Amino acid sequence: MRLRSLWSAIKVLVLSLVGIAVAAILTLSYAPHMARSGLAWLGLVSDFGSGMLAPPLLADRTTGSCAWLKQNWSDEDRAWVHNVSQGTATFPMPYAWFRNLERPEISPFDPIVSRALISDGNYLERMGFIAPNKSCDPAAGIDMPQGYGVLPVGFAVLKAGTDPVTGETSPDGLGLTCAACHTGRIFYKGTELRIDGAPAMIDLGNLERVIGLSVCYSDYMPWRKRRLVNALLEERPELTGNARATEKQAIEAQLTAICDQKIFTKTTREEAILKRRHQTHTEEGFGRLDALNRIGNQVFHENLIPPVKKDATGTDLAKEAIELSVLEANFAAYTAPVSFPPIWDVPHFAWAQYDASIFNPGVRNIGEAIGVSAKVNMTNSTNPSSPLFSSSVDILAIQRIEQLLAGNVSPFDGAVGFKGLQAPRWEDAASYFKGDDNWSNQPDKSVSSGRGLYADLCAECHNSPPRDKGIPLEDPKSFWNQKVNWLQVGDEWLFNNKQKPVAAIGTDPEQARVLTERTVRIPAQLGIDTRTLMEECGMARDAALENSYVLALMAVVAKVRDQAILANAGQNGQSTLQTDKDAIVGTRANCPNPNVFKLAHFDPPAQFDSPDSVVPPPSYVARPHYRARPLDGIWATAPYLHNGSVPTLEDLLLPQDERPTAFCVGPTEFDPKRVGLSVASSGPGELQCTAGLTRFDVTERGNSNRGHSFEGGGTTRPSGVIGRLLKPEERRDLIAYLKTL
């Protein structure tokens, strides 16, 4: 009897364990986000396990129709911009691998049945990327870039060639171009409208996780490795016999090296740095990126690590000249995620970036390409055919993109107005929703009232709108008639955006602190001397600024630019050198913003009156600013404020204490009435987002929704309050006017 009871107990235990195993397998297969949450709940011991599971993604979306809004670009230009390479290799594997990698999903049938591919457009749509759609894709011209019609908007093939870092021949790579982050869209009642130059609603962090896991799953799981290798070999039928076997071994070795060094070791190294500092990254999620800190990490941390070579060697940091302490000091947490800014009109602005930090457009654009992993040699000074700062950056493609954005002539030549890419118009979008009251024409009375409110409350910073037909060009208040707001630099007229101290505007300060406070250590072998740049910019010597991130970045980008011009001249003949230099370098200085870096003179006290006393030299004090931009197309740029902390225009016009403190972000249904994301107002502890969406919490570092507030009355306002309290009908009228811009 006792044995029978014991046997029954054993059977129950075995069945329970089998049931738990089956449940675990099914959860891992069909609900990995639940498995991640469960492992994370168990504590730090399970961090590795939860990190090895795929992130939750959005469900598949079905749309009925699709269209591109009219923005003064031809179909040929649009198609070229969407997939042209800037010379970036954002993803750590060849393009052929991307086409053949399986998704990081686990199935009990995985050893015998392959999973779908990560390159599938519908899968990438679940992370917000705009997949090819034959029903509305623009018709390409004769210079159609590789990948057009196959890759999502903003994905670009880096053609095979000599790697400037290793000196080896590299196959086609895959990178992101500026269109990935600056092509937006809105969804409304089954219709999808696509908008060039608008903020993208993509989740780059999840894409990085998916690709990293896909590579490592293929390395760790023999059946996936076999399937990947066979697929890659099938694309090379010319390889037979020993050549095929050798290539098979090379792919397997490279797969292990990329997983171990470019993904696993990189991730664990960075996590260890943050752990020692007791820091964490602020989640970027949909529609945001800490671009400035990411660029700094790429240039002064990642680019200083020796590369992985084809024979799978490299990255033994203990044997390298670069000090580990330098690498660690140069890595920063992501603390300042910002929304991708709209880029129409930007070539005509004096200062780019939210913090008004970049004056020179070539430096801006080349820095962006370096930040998304253009290959740059910053480790090998012994190869004469690839000197330091040699790169894969395509300066001619970058210059052509800038020209398409700007147009071929000045805003003041011919018909006055911005040329090139135009801001989207509300009425163009509304034409797709005829009969829908939420998109109907704005009442003249509301628009007129809103124009007056704008003049009283908004024009001081954002200036008069550039496209308001109600303000004639000859009007002293016209955007185009205010020459005091324009700078002439060489032959260019540049709009001098209003800059406001962060302390006055009251919005989250983190992004403005990156280039004013971050420092980096520059290895001597790079030959970078920020003091030279300070002299060229007419700045006084200041030892405290010599390790400034902003100066170091400007110096490195200029080196990469100049080396790219030399390399391009060498390929195309010396006659092109001056032409390239004029176009890429331009006439704008590569210098820090003098409004931000102010020279403070020391006022010595009485004890320094002695002839033998040494008075401290003057030094720079950083006063962070944010710059305002014209509000044409503002309706298509939600969420609002530079860090995306306010979901709708209506919320932005409320007192700051009444704004949502938590909301869900992603490619959700557009709200044409409140203008922005469709969100339910909730507190941080109440909100539950649909799987795959980003949960935005304003209490996290870099996420404050304070400032730029309309509240109270009178003329004396505290920091962060820019205007009086608006009545509901005034908010309605101001929004009606903003829709017309």
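Residues numbered from 1 in each chain as written. Predicted model: local features only at pLDDT ≥ 70, side-chain atom pairs only at ≥ 80, totals over all residues. Heavy atoms only, no water.

### Some remarks on the environment of Glu-323
So, point 1. For Glu-323, the location among the structural elements is in the loop between helix 10 (291-300) and helix 11 (324-329).
So, point 2. Since its relative accessible area comes to 45%, Glu-323 is described here as partly exposed.
So, point 3. Expressed as a C-alpha distance, the spacing of Glu-323 and Pro-523, which sit 200 residues apart in the sequence, is 8.7 Å. (Helix = DSSP H or I, 4+ residues; strand = E, 2+ residues; numbered from the N terminus. Buried < 20%, exposed > 50% of the residue type's maximum accessible area, 1.4 Å probe, protein only.)

### Some points on the pattern of salt bridges
So, point 1. With the rule as written, the count across this model stands at 44 salt bridges.
So, point 2. A salt bridge links Glu-328 to Arg-276; its shortest N-O distance comes to 2.8 Å. A residue pair is termed long-range when its members are at least 10 positions apart, and Glu-328 in helix 11 and Arg-276 in helix 9 (residues 241-277) qualify at 52 residues. (Salt bridge = Lys/Arg side-chain N within 4 Å of Asp/Glu carboxyl O.)

### A look at the environment of Met-201
So, point 1. Within the fold, Met-201 resides in the loop between strand 7 (191-196) and helix 7 (204-220).
So, point 2. Taking C-alpha positions, Met-201 is 4.2 Å from Gly-287, a pair spaced 86 residues apart along the chain.
So, point 3. For Met-201, the contacting residues outside a window of four places in its chain are Met-127, Gly-128, Phe-286, Gly-287, Ala-638, Pro-639, Val-665, Gly-666, Pro-667 and Leu-677. (Contact = heavy atoms within 4.5 Å.)

### Details of the state of the cysteines
Working definition of a disulfide: a covalent bond connecting the sulfur atoms of two cysteines.
So, point 1. Applying the stated criterion across every chain, the model contains four disulfides.
So, point 2. The disulfide partner of Cys-216 is Cys-259, and the gap between their sulfur atoms is 2.2 Å. Of note, the bridge from Cys-216 to Cys-259 carries an S-S torsion of about 115° and is right-handed in sense. Remark: Cys-259 occurs in helix 9 and Cys-216 occurs in helix 7; sequence separation between them is 43 residues.
So, point 3. Covalent S-S linkage joins Cys-664 and Cys-689, the inter-sulfur distance amounting to 2.0 Å. Its S-S torsion of approximately -95° makes the covalent link between Cys-664 and Cys-689 left-handed. Pair noted here: Cys-664 is in strand 16 (residues 662-665) and Cys-689 is in the loop between strand 18 (676-677) and strand 19 (694-697), with a separation of 25 residues, a long-range link.
So, point 4. We classify Cys-689 as partly exposed; its relative accessible area is 22%.
So, point 5. Listing the disulfide partners of the chain by sequence rank of the bonded cysteines yields 1-2, 3-4, 5-6, 7-8. (Disulfide = S-S within 2.5 Å.)

### So, a nonpolar patch on the surface
So, point 1. A contiguous nonpolar surface patch, about 330 Å² in accessible area, is contributed by Phe-109, Ile-112 and Val-113.
So, point 2. In this fold, Val-113 is placed in the loop between helix 5 (95-100) and helix 6 (121-125).
So, point 3. Assessed through its relative accessible area of 44%, Val-113 is described here as partly exposed. (Patch = residues over 30% accessible without salt bridge, like charges linked within 9 Å, V, L, I, M, F, W, Y side chains within 5 Å. Areas by Shrake-Rupley, 256 points an atom, 1.4 Å probe, with all protein chains shown as cover.)

### Digging into the confidence of the model for the chain
Should the pLDDT be low somewhere, the predicted coordinates at that spot are not to be read in detail.
So, point 1. Predicted confidence across the chain gives a mean pLDDT of 89, with 87% of residues reaching 70 or more.
So, point 2. Note on residues 43-48: pLDDT is under 50 here. Beyond four places in sequence and across chains, it has two contacts. (pLDDT = per-residue confidence, 0-100.)

### Focus on the packing of aromatic side chains
The geometry of an aromatic ring pair comes down to the distance between the two centres and the angle between the two planes.
So, point 1. One pass over the full model with this rule turns up 28 aromatic pairs.
So, point 2. Taken together, the aromatic side chains of Phe-349, Phe-412, Phe-418, Phe-479, Trp-480, Trp-486, Trp-493 and Phe-495 make up a single cluster linked through ring pairs.
So, point 3. Between Arg-400 and the ring centre of Trp-80, over which it is positioned, the NZ or CZ distance is 3.8 Å. (Phe/Tyr/Trp six-rings, centres within 6.5 Å; stacked < 30°, edge-to-face > 60°. Lys NZ or Arg CZ within 6 Å of the ring centre and 35° of its normal.)

### Description of the packing of helix 15 (residues 444-457) against helix 23 (residues 728-739)
So, point 1. Axis separation between helix 15 and helix 23 bottoms out at 7 Å; the angle between their running directions is 95°. Taken together, the axis directions place helix 15 and helix 23 in an arrangement best described as roughly perpendicular. Contacts between helix 15 and helix 23 pair Ser-446, Val-447, Ser-449, Gly-450, Arg-451, Leu-453 and Tyr-454 from the former with Glu-730, Arg-732, Asp-733, Leu-734, Ala-736, Tyr-737 and Leu-738 from the latter.
So, point 2. Classifying every residue of the contact of helix 15 with helix 23 by side-chain character gives seven nonpolar, three polar and four charged. (Axes fitted to C-alpha atoms, helices over the stretch in contact; angles between N-to-C directions. Parallel < 35°, antiparallel > 145°, perpendicular 65-115°, else oblique. Nonpolar A, V, L, I, M, F, W, Y, C, P; charged D, E, K, R; others polar.)

### Considerations on the sheet that holds strand 1 (residues 65-68)
So, point 1. Pairing is mixed across the open sheet formed by three strands, whose spatial order is 1-7-6. Two strands in the sheet have a free side with no partner beyond their single neighbour: strand 1 and strand 6 (183-188). For this sheet the average axis-to-axis angle between neighbouring strands, irrespective of direction, equals 20°. (Pairing = 2+ DSSP bridges.)

### A word on the pairing of strand 6
So, point 1. Among the six residues of strand 6, six are classified as buried, and the element is accordingly described as predominantly covered.
So, point 2. For strand 6 and strand 7, the ladder comprises six bridges, and the chain directions are antiparallel. Bridged to Ile-186 within strand 7 is Leu-193.
So, point 3. Where strand 6 hands over to strand 7, the hairpin turn is made up of two residues, of which Lys-189 adopts a positive phi near 50°.

### Some words on unusual backbone geometry
So, point 1. Cis geometry marks the peptide bond from Ala-638 to Pro-639, where omega comes out at 0°.
So, point 2. Looking at where Pro-639 falls in the secondary structure, it is placed in the loop between strand 15 (625-627) and helix 22 (649-652).
So, point 3. Notably, Lys-189 is not glycine yet its phi reads approximately 50°, a positive angle.
So, point 4. Summarising the element assignment, Lys-189 is placed in the loop between strand 6 and strand 7.
So, point 5. In this model, Asn-463 sits at a positive phi of 65°, which is unusual for a non-glycine residue.
So, point 6. Tracing the chain through its elements places Asn-463 in the loop between helix 16 (459-462) and strand 10 (486-489).

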